[in-house]
Amino acid sequence: MTTLRTWAVRLASLFRRRQLDERLDEEIRFHLEMQARENQARGMSPEEARRTARHAFGQVEALKEAYRERRGVPALETLARDLRYAVRMLRKSPGFTAVALLSLAFGVGANCAIFGVVDALLLKSLPVAGAERLVALSARLPSGELFPLFSYPAYERLAAARPVCSGLVAFTDQFRATVRPEGAAEAATPGRMPETANAALVSANFFSLLGVGTASGRTFGAEEGRPPGPHPVAVMSYGYWQRRYGRDPRVVGRALRVNGAAVTVVGVAARGFTGLFADAAPDLFLPLTLHGAVKHRGNFLIQGSYDEAAPPWRQPNAYWLTLVAKRRPGVGERQAAAALGVIFQAEKEAEAALQLTAQDRRDILAEALVLRPAGRGLADSRATLTAPLMILSAVAGLVLLIACANLANLLLARADRRRTEMAVRLGIGAGRGRLVRQLLTESLLLAGLGGVLGLLFAWWGSRLLVGLVQGNGQTLALDVAIDGRKLAFAAAVALLTGIAFGLAPALRATRIDIASSLKQGAAAAGGGAAGHRGGRRRMPLGRLLVVAQVGLSLPLLIGAGLFVRSLRNLMRVDTGFARLGLVQVTIRPGLLGYDDGRLAALYDRLVERIEALPGVRSVSLSDSGLLGTSWSVTDVEPPSGAPGAAPARDESINVQRSTVTWRFFATAGMRMAQGRGFAPQDREGAPKVAVINETLARRLFSPARAVGHRLRFKNPRFAGCCEVVGVVRDAKYHEVTETAPPVVYLPVTQSFEQLNAIQVRAAPGAGTAGAALAESLRRAAAETDPNLAVFSIATIDQQLARSLSYRSAVAKLIGFFGLLALLLAATGLYGVMAYSVARRTSEIGLRMALGAPRGLVLRLVLRETARLIGLGVAAGLAAALAATRAAASQLFGVSAFDPATVLAATAALALVALAAGFLPARRAAHTDPAVALRGE
């Protein structure tokens, strides 16, 4: 009963206050109408009447708010009134509100978008139980490099370290696999891509050790860790289940064909779990023992002897697994590393016994086990993307600072226009702290609205950023959805931004002389400009903010120019092959299940069909392709007396190996430095031959005398010697920034390998980049074998652009941020100069009345503009000198402080800023002295 009475009293009080507010509003309207009539009776112009009415309205609003403050209201009601008043003030200035919201949206949105990618790639922990106790195993090689792959026998032995680890999981990188429901037609549809999915091979304890449940069905059991029986199984990811099957519960138990192997889906992983890689999201998880059945061709390194008849999980010298251990509670990394290191060394002694040379045995025994934290997941892209993301984060932060400076300038000008309102409220007893709180409420409301709008930009921008950095056809799977972490980051940025750009104007607006402000307000109400005298000295903070905006914008413009020039240099790099008219097709013939003889016949038929297409001049095949990411690696024994350091007899050189058809060099447009390429006579049974690149020739022989020398491979598959018949000029094999590694080419007719790339040289003007040729190539592949999977068709220029995707993304984004910063700086300069001209209207009118020409007034204002620009440029050049040096590692073919780029960026900034300052200067030069001096 008491509660009801209390609420009744409160409601009655609120009702009485509302009646009082309505009465005050009626009084306001009445007095404004009377004032308007008096203005008309005095003969004021309509413009002067409107200005007077606005001023009167501001005074009455100030009286109204001051009266409310004197009455005293509860804190929550005060906050509500502050918010309503802030909304009214923002609605009164739609232009200011729109500019402020867009500036904040871009600034907050850019920071939130980049934070989303940084968080997903570098900061966020895996959604697994005990993520902080996960450690990734790597072997530190004698060279100091970390090697992250292990053999299956090594995994089994290391998994026995139960005293320090709860367990050990093994898995592979994800690979692309063709997937179709069991019973579907075998034939591929000509002209269409096969249905594919990302798959990963994992150990049977993968889900149980990580504590990951299922959304439907079950995970792997112990029986799935044994060699595949009659019913191989798979676990589907939640994302693939939702995207491909619409969360159909009947998917559990469904039979699929994965790369031709029949598997049964036994479960769907829990939502949000995508494996132990932060930048990859497998659609299907398969047992390790399905390696051969699904024809896995991921990272697979063989060192020493290899039994072709044994499965890979029984090969101690086949390295293909990534290992992650889960430490027991209370066991530190050092203790776990010591215990696992003992087992690791025992395993290495067993591996060393299988090596062919003493040097290999010494290298293996010198390896040491290293543990790295894996709670945030593993990510191959971290090494490439961390530096660009840090640069983009710094750039986005600078844009936000420029936006804050711009808004602070706008609020300073707005606060000066509200001096009379603040003076009235202070004059009748309002406290300064109360006014500061009211003004900060307006700033925080503005920041909050800008933050909400910025989240919309961030939602779109994060996905755009991830899409921009895709490279080489690899999918960068990052979870950038809006979640609690991103909301908290956006709220923090918005709050700090609101305080940053709102506090100084609020303090300035309430630090006023009440009497002089009221007197100046009266003069302004009467239509004069007396209150504007001395304006040049009254806004030093605004000019300082403009200088800061210009100074922060210049490094962004210089950085944008440097990254654009760097990207242009990369696109113009000599790749070592003729790019014009060259198309590459990626195929997967290994999925057909053919033996070597049938595959060789398939290659012959495929080349014949493609050569018959109109406009095709030459066709070749290779196992790695041009600008490929996956190459085979082997060891070559140097001949005695090789130049350089005169290596010992049992030393070897690690080289990249590519198997090609005989027309490969002509089709790719690769130039021979000496000797010849392959020819039709280099067949099986003929003397074995090889072509090497210039780098390998320099390592092994005198480049001028390499032809005729013999190479010996350590790999048993290439036992014996082959003669070097040619030296091809160095090319770019992986990316255009690399230094050419040693490479050896072998003819497929003498060293058979699955060939996964087709190079097609089209005649000039044959439309190599068009859809017609791509359709013809797909049709030729389907006519050769309907089940031949064609994964991609692209020109070499397109592949080059993909390989430079993250660099292109950085250049585009920094360029966009630079233009945005330039626009904000120009807006800030325009606002300050326009306000300065408005405050000096009387002074300018007096000068012109005394005979000052318009050109003098124009130069007067432009001189002030140039002074601000000069100070900003000087500060910006100093900042750019430090900032661009930090980004020097990301540039190519251009210095960190390139004079041409610096000059162009400075000139562009100066011209735009002068144009922004010219408009107020032109308005000042056309001031009518009679109008300007009327108020005097």
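Bear in mind that the values here come from a model prediction, so they are computed numbers and not experimental data.

1. Some remarks on the overall build of the chain
Phase 1 of the analysis: Looking only at helices and strands, the chain has 26 helices and 25 strands in total.
Phase 2 of the analysis: The buried share among the 936 residues of the chain stands at 52%.
Phase 3 of the analysis: If you take every contact in the chain between residues at least 6 apart in sequence, the share linking residues at least 24 apart comes to 82%.
Phase 4 of the analysis: Total accessible area on the chain is roughly 41,400 Å²; 59% of this is exposed by carbon and sulfur atoms.

2. A short note on the packing of helix H24 (residues 854-886) against helix H25 (residues 899-925)
Phase 1 of the analysis: Look at H24 against H25: their axes get within 9 Å of each other, and the N-to-C directions meet at 150°. If you check the angle between H24 and H25, you find them roughly antiparallel. Seen along the crossing, H24 lies across H25 with a hand that is right-handed. From H24, Arg854, Val857, Leu858, Val861, Leu862, Thr865, Ile869, Val873 and Leu877 reach across to H25, where they touch Val902, Thr906, Leu909, Ala910, Ala913, Leu914, Gly917, Phe918, Ala921, Arg922, Ala924 and Ala925.
Phase 2 of the analysis: Grouping the amino acids of the contact of H24 with H25 by side-chain chemistry returns 16 nonpolar, 3 polar and 2 charged.

3. Focus on the pairing of strand E18 (residues 653-660)
Phase 1 of the analysis: Of all the 8 residues making up E18, 7 are buried; the element is thus mostly covered by neighbouring parts of the structure.
Phase 2 of the analysis: The sheet contact formed by strand E17 (residues 632-637) and E18 spans 5 bridges and is antiparallel. The residue of E18 that forms the bridge with valine 636 is isoleucine 653.
Phase 3 of the analysis: One ladder, built from 5 bridges, connects E18 with strand E23 (residues 743-747); its direction is parallel. Across the sheet, the residue bridging to glutamine 656 is valine 743, located in E23.

4. Some remarks on the pattern of salt bridges
Phase 1 of the analysis: Considering all chains together, one arrives at 21 salt bridges under this definition.
Phase 2 of the analysis: The shortest N-O distance in the salt bridge between arginine 485 and aspartate 119 comes to 2.5 Å. In this pair, arginine 485 is assigned in helix H13 (residues 484-510) and aspartate 119 in helix H4 (residues 94-123), connecting sequence segments 366 residues apart.
Phase 3 of the analysis: Accessibility expressed as a relative area gives 0% for aspartate 119, which makes it buried.
Phase 4 of the analysis: The salt bridge partner of aspartate 898 is arginine 565, with a shortest N-O separation of 2.3 Å. Of the two residues, aspartate 898 sits in the loop between H24 and H25 while arginine 565 sits in helix H16 (residues 540-571), which places them 333 residues apart along the sequence.
Phase 5 of the analysis: Put simply, Asp119, Lys124, Asp483, Arg485 and Lys486 are held in one network by salt bridges that share partners.

5. Quick look at the nonpolar core
Phase 1 of the analysis: Grouped together as the largest cluster of nonpolar side chains are 92 residues, with contacts concentrated most on Leu478, Phe563, Phe577, Phe665, Met670, Tyr745 and Ile814.
Phase 2 of the analysis: Of the residues forming this core, the biggest block, 14 residues, is contributed by helix H22 (residues 805-839).
Phase 3 of the analysis: Look past the residues within four positions of leucine 478 in its chain and what remains in contact with it is Val117, Ala120, Leu121, Ala278, Asp279 and Val466.
Phase 4 of the analysis: If you look at the next biggest cluster of nonpolar residues, it comprises 49 residues, including Val164, Cys165, Leu168 and Ala177.

6. Let's talk about the packing of aromatic side chains
Phase 1 of the analysis: Tallied over the full model, the rule gives 23 aromatic pairs.
Phase 2 of the analysis: For the ring pair phenylalanine 206 and phenylalanine 207, a centre distance of 5.4 Å and an interplane angle of 90° mean the geometry is edge-to-face. Neither phenylalanine 206 nor phenylalanine 207 differs from the other in exposure class; each is buried.
Phase 3 of the analysis: Pairwise contacts between aromatic rings join Phe171, Phe206, Phe207, Phe220, Phe273, Phe277 and Phe285 into one cluster.
Phase 4 of the analysis: The ring centre of tyrosine 245 lies 4.8 Å from the NZ or CZ of arginine 244, which sits over that ring.

7. As for the environment of glycine 225
Phase 1 of the analysis: By the element assignment, glycine 225 lies in the loop between strand E6 (214-217) and strand E7 (233-236).
Phase 2 of the analysis: On the accessibility criterion, glycine 225 (28% relative accessible area) is partly exposed.
Phase 3 of the analysis: Linking glycine 225 and leucine 290, residues 65 residues apart in sequence, is a C-alpha distance of 9.8 Å.
Phase 4 of the analysis: Apart from the residues lying within four places of it in its own chain, the contact partners of glycine 225 are Tyr152, Ala204 and Thr289.

8. What to know about the confidence of the model for the chain
Phase 1 of the analysis: Looking at the chain as a whole, the pLDDT averages 79, with 79% of positions reaching at least 70.
Phase 2 of the analysis: Predicted confidence for residues 1-11 stays below pLDDT 50, and this span has 0 contacts to residues more than four positions away or in other chains.
Phase 3 of the analysis: For residues 522-539, every residue scores under 50 in pLDDT, and the model assigns this stretch 37 contacts once sequence neighbours within four places are set aside.

9. What to know about the state of the cysteines
Phase 1 of the analysis: Evaluation of the coordinates by the stated rule reveals 0 disulfides.
Phase 2 of the analysis: Among the cysteines around cysteine 722, which has no disulfide bond, cysteine 721 carries the closest sulfur, lying 7.5 Å off.
Phase 3 of the analysis: Its relative accessible area of 4% is what places cysteine 722 among the buried residues.

10. Points about helix H7 (residues 238-245)
Phase 1 of the analysis: For H7, the complete set of buried residues consists of Tyr238, Tyr240, Trp241 and Tyr245. Relative to the axis of H7, the buried residues are bounded by an arc of 165° and lie together on one face.
Phase 2 of the analysis: Just downstream of H7, glycine 246 is the residue with a positive phi angle, here 60°.

11. Regarding the pairing of strand E8 (residues 255-258)
Consecutive residues of a regular strand have side chains that alternate between opposite faces of the sheet.
Phase 1 of the analysis: Taking every second residue as pointing to the same face, the buried face of E8 carries Leu256 and Val258, while none of Ala255 and Arg257 on the other face is buried.
Phase 2 of the analysis: As paired elements, strand E4 (residues 175-181) and E8 share 3 bridges and run antiparallel to each other. Counted as the bridge partner of valine 179 is valine 258 from E8.
Phase 3 of the analysis: One ladder, built from 4 bridges, connects E8 with strand E9 (residues 261-269); its direction is antiparallel. What sits directly across from arginine 257, in E9, is alanine 262.
Phase 4 of the analysis: Here E8 folds back onto E9 in antiparallel fashion, the turn holding 2 residues, of which asparagine 259 has a positive phi close to 50°.

12. A few points about unusual backbone geometry
Phase 1 of the analysis: Positive phi values are uncommon outside glycine, yet arginine 247 reaches one of about 55°.
Phase 2 of the analysis: Among the structural elements, arginine 247 can be located in the loop between H7 and E8.
Phase 3 of the analysis: Judged by relative accessible area, which is 41%, arginine 247 ranks as partly exposed.
Phase 4 of the analysis: At asparagine 259, a position not held by glycine, the phi torsion is positive, near 50°.
Phase 5 of the analysis: Locating asparagine 259 in the fold gives a position in the loop between E8 and E9.
Phase 6 of the analysis: You can call asparagine 259 buried: its relative accessible area is 0%.

13. What about a nonpolar patch on the surface?
Phase 1 of the analysis: Judged by side-chain polarity, Leu444, Leu495, Ile499, Leu503 and Leu507 come together as a nonpolar surface patch covering roughly 360 Å² of accessible area.
Phase 2 of the analysis: With 4 residues, the single largest contributor to the nonpolar patch is H13.
Phase 3 of the analysis: Residue placement: leucine 507 occurs in helix H13.
Phase 4 of the analysis: Residue leucine 507 is classed as partly exposed on the basis of its relative accessible area, which comes to 30%.

14. Let's talk about the environment of valine 655
Phase 1 of the analysis: Among the structural elements, valine 655 can be located in strand E18.
Phase 2 of the analysis: Aside from chain neighbours lying at most four places away, what touches valine 655 is Ser632, Val633, Thr634, Val636, Leu696, Pro742 and Val744.

15. Observations regarding helix H8 (residues 333-352)
Phase 1 of the analysis: Between its first and last C-alpha atoms H8 spans 27 Å; for 20 residues at 1.5 Å apiece the expected length is 28 Å, and the two agree.
Phase 2 of the analysis: At glycine 341, H8 shows its maximal kink, close to 25°.
Phase 3 of the analysis: Of the residues making up H8, those classed as buried are Ala336, Leu340, Gly341, Phe344, Glu347, Lys348, Glu351 and Ala352.

16. Let's talk about the packing of H4 against helix H12 (residues 432-468)
Describing two packed helices takes the angle between their axes plus the distance from one axis to the other.
Phase 1 of the analysis: With their axes 6 Å apart at the nearest point, H4 and H12 run at an angle of 45° to one another. As judged from the angle between their axes, H4 and H12 are oblique. Here H4 and H12 pass one another in a crossing that is right-handed.
Phase 2 of the analysis: Considered class by class, the residues forming the contact of H4 with H12 number 19 nonpolar, 8 polar and no charged.

17. Concerning the environment of proline 312
Phase 1 of the analysis: Relative to the assigned elements, proline 312 resides in the loop between strand E11 (301-302) and strand E12 (318-319).
Phase 2 of the analysis: The exposure class assigned to proline 312 is buried, which follows from its relative accessible area of 9%.
Phase 3 of the analysis: For the pair formed by proline 312 and glycine 292, sequence separation is 20 residues and the distance between their alpha carbons is 8.1 Å.
Phase 4 of the analysis: The contacts of proline 312, once residues within four sequence positions are left out, are Tyr152, His291, Phe300 and Trp320.

Cut-offs applied
- As a convention, each chain's residues are numbered from 1 in the sequence order in which they are written.
- It should be noted that, the model being predicted, local features are given only for residues of pLDDT at least 70 and side-chain atom pairs only at 80 or more, the latter also being counted only at that level, while totals for whole chains, interfaces and linings use all residues.
- Hydrogens and water are ignored here; the side-chain numbers use all heavy atoms of the structure.
- Numbering of helices and strands starts at the N terminus; helices are DSSP runs of H or I of at least 4 residues and strands are runs of E of at least 2.
- Exposure classes here rest on a 1.4 Å probe applied to the protein chains alone. A residue is buried below 20% of its type maximum, exposed above 50%, and partly exposed in between.
- The contact criterion used is simple: two residues touch if any of their non-hydrogen atoms lie within 4.5 Å.
- Residue burial considers only the protein chains on display, and all accessible areas are found by Shrake-Rupley using a 1.4 Å probe.
- Helix axes are fitted only over the stretch in contact, all axes being lines through C-alpha atoms; the angle between N-to-C directions runs from 0 to 180 degrees.
- Roughly parallel refers to an angle under 35 degrees, roughly antiparallel to one over 145, roughly perpendicular to one between 65 and 115, and oblique to any angle outside these ranges.
- Should the near helix be turned anticlockwise from the far one by less than a right angle, the crossing is left-handed, and should it be turned clockwise, the crossing is right-handed.
- All amino acids are sorted into three groups, where Ala, Val, Leu, Ile, Met, Phe, Trp, Tyr, Cys and Pro are nonpolar, Asp, Glu, Lys and Arg are charged, and the leftover types, Gly among them, are polar.
- Here, strands pair whenever DSSP counts at least two bridges between them.
- We define a salt bridge as a side-chain nitrogen of Lys or Arg found within 4 Å of a carboxyl oxygen belonging to Asp or Glu.
- Nonpolar cores are built from buried Ala, Val, Leu, Ile, Met, Phe, Trp, Tyr and Cys residues. Side-chain atoms within 4.5 Å join them into one set.
- Aromatic pairing here means that ring centres of Phe, Tyr or Trp (its six-membered ring) are within 6.5 Å. Orientation follows from the plane angle: under 30 degrees is stacked, over 60 is edge-to-face, and everything else is tilted.
- Whether a charge sits over a ring comes down to the Lys NZ or Arg CZ being within 6 Å of the ring centre and within 35 degrees of the ring normal.
- You can read pLDDT as the predictor saying how much it trusts each residue, on a scale of 0 to 100.
- A pair of cysteine sulfur atoms is labelled a disulfide when the two atoms are within 2.5 Å.
- The arc in question is formed by the directions pointing from the helix axis toward the C-beta atoms.
- Like charges are joined within 9 Å and nonpolar side chains (Val, Leu, Ile, Met, Phe, Trp, Tyr) within 5 Å, but only among residues with over 30% relative accessible area and no salt bridge; these make up the patches.
- Take the number of residues in a helix, subtract one, and multiply by 1.5 Å to get its expected span.
- One axis fitted to the seven residues ending at a residue, another fitted to the seven starting there: the angle between these axes is the bend at that residue.

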